[in-house]
Every structure is written in structure tokens, then in C-alpha cells.
Amino acid sequence: HGDLVRLAAAAAAAAPDGQVHIVAESMGALAALGLALARPERVASLVLCNSASSYARAPVSRITGLLPRLPTRLYETLAPVVTPIMGRPGWTAALGEGLAAALPRETLTHREKALLRNGAASVNDALKRLKAPPRWASNCVLVASENDAVLPSVREARRLSGLIPGAKVRVERGAPHVLFDAANLL
């Protein structure tokens, strides 16, 4: 998680005015929030969709760490199981060789532990330490999918708005977790 924040901060520093406007979803929203909290001077505005900052409180966090330990044949057949949860019909067709080829066990393990679990803990610790609203707070929109089966996104958006004074919440009615594919936000 820290590496993603450092990379994003370096990219923001290269922007003409040293600030960026960020739109991010799920794990990307977690990294974007990490950047915004660590380097608030680099962020002009922030749109967080279904932020994974709630990962530790999500039921999916109890099983994701177990997936790489499944027998190979079972792990290779997970794509049809994951599809309805993500809410993005047909996305596994692009995988061709299957989930195991697109998301090797080591990659899933790294994403779950280093990016999601540790990243969410780091971001939530930083949120607890906030003494005043960050400069980007009034330019922050927290978007949540009403039918997110992966994360408790509506509850998390409301929780974050209580920790980030000035942030606005927008709930996308009927939308699944993969919001960028389901809604015309951009």
C-alpha cells in the first residue's frame, strides 16, 4: 500500500500545478485515499467509489485469504463463482485461460494482505489521526453502490463522510460493486 501511495505522490508532483484530481474505485479508492491523507497538498479533488477502506469489516475479507490455499483445480474454476459477486457479467470471458492465469495465487495473496488488509488498516489509522479537515475535503465525493455484494459500500461512504467533514455521499441505486462498468459516472 505504501508503495502505491509513494508512486501516486510522485505522479502528482509531476502534474503542472503539483495537484491531481483523482477518481478511483474499490482498491484504487483505498490507495487514492491513502495518498490524499499522506500528501493532502497534492490532491485537488477526490471521488472515491466503493472504497476498500471497509475491507476488514467486509465478509469477503474472511474468505479472500483462503482462496490461494485451495487445490489448484478448484482455484482455476473460481471465475464463474466470482462473476456474480463482482456484478460484472461476462468479465471472465476475457480471462481465457481462467482466473488462475490472470490472478496467480501469489498476486492474490499480495493484494489481499499488503494492499487490502494492511492498506485499509493504514488508511483507517490516518483517518483517526485527522485533527482538521484536509484541504480537499470539500471537493470529495464518496460514491457507493447500493447492491455492492463485495464491500459494505453505503455504510462505509457514510462512515467516511463523518470522518471527512465536507465530503458528500452519493448512492448509486441498484449498482453492483464494479461501479465503473455499471454506471455512467464519467
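Residues numbered from 1 in each chain as written. Predicted model: local features only at pLDDT ≥ 70, side-chain atom pairs only at ≥ 80, totals over all residues. Heavy atoms only, no water.

Description of the overall build of the chain
- Counting its regular elements, the chain contains nine helices and four strands.
- Nonlocal contacts in the chain, meaning residues at least 24 apart in sequence, comprise 74% of its contacts between residues at least 6 apart.
- Summed over all atoms, the accessible surface of the chain reaches about 9700 Å², with 57% contributed by carbon and sulfur. (Helix = DSSP H or I, 4+ residues; strand = E, 2+ residues; numbered from the N terminus. Contact = heavy atoms within 4.5 Å. Areas by Shrake-Rupley, 256 points an atom, 1.4 Å probe, with all protein chains shown as cover.)

Structural notes on the environment of Trp 136
- You can see Trp 136 is positioned in the loop between helix 7 (105-128) and strand 3 (140-145).
- A relative accessible area of 0% means that Trp 136 is categorised as buried.
- C-alpha separation for the pair Trp 136 and His 21, spaced 115 residues apart in sequence, amounts to 9.7 Å.
- Dropping the residues within four chain positions of it, Trp 136 is found in contact with Leu 33, Ala 36, Leu 37, Pro 40, Val 43, Ala 44, Leu 46 and Ile 164. (Buried < 20%, exposed > 50% of the residue type's maximum accessible area, 1.4 Å probe, protein only.)

As for the nonpolar core
- In terms of nonpolar packing, the biggest core is built from 37 residues, with Ile 22, Leu 33, Leu 46, Trp 136 and Ile 164 touching the most fellow members.
- Where this core is concerned, the elements lending two or more residues are helix 1 (2-13), strand 1 (20-25), helix 2 (27-38), strand 2 (43-49), helix 7, strand 3 and helix 8 (153-163).
- Here this core takes seven residues from helix 2, the largest share from any one element.
- Contacts of Ile 164, omitting those with residues within four sequence positions, involve Leu 33, Leu 127, Trp 136 and Ala 137. (Core = buried A, V, L, I, M, F, W, Y, C linked by side-chain atoms within 4.5 Å.)

Side note on the pairing of strand 4 (residues 168-172)
- Pairing of strand 3 with strand 4, which is carried by five bridges, proceeds in the parallel orientation. Counterpart to Leu 142 in the pairing with strand 4 is Val 169.
- In this fold, strand 3 hands off to helix 8, which returns the chain to strand 4; that crossover is right-handed. (Pairing = 2+ DSSP bridges. Right-handed = clockwise from strand over helix to strand, strands pointing away.)

As for helix 7
- The terminal C-alpha atoms of helix 7, which comprises 24 residues, lie 33 Å apart, in line with the 34 Å expected from a rise of 1.5 Å per residue.
- Of all the bends in helix 7, the greatest, near 35 degrees, is centred on Gly 119.
- Among all positions of helix 7, only Leu 108, Glu 112, Leu 115, Leu 116, Gly 119, Ala 120, Val 123, Asn 124, Ala 126 and Leu 127 are buried. (Expected span 1.5 Å × (residues − 1). Bend = angle between axes of the 7 residues up to and from the residue.)

A few points about the pairing of strand 2
- For strand 2, the buried fraction is high: six of the seven residues fall into the buried class.
- Of the strand pairs in this sheet, strand 1 and strand 2 are connected by six bridges, and their pairing is parallel. Note on strand 2: the bridge partner recorded for Val 20 is Val 43.
- Where strand 2 lies against strand 3, four bridges are found, and the strand directions are parallel. Its bridge partner lying in strand 3, Leu 48 is registered against Leu 142.

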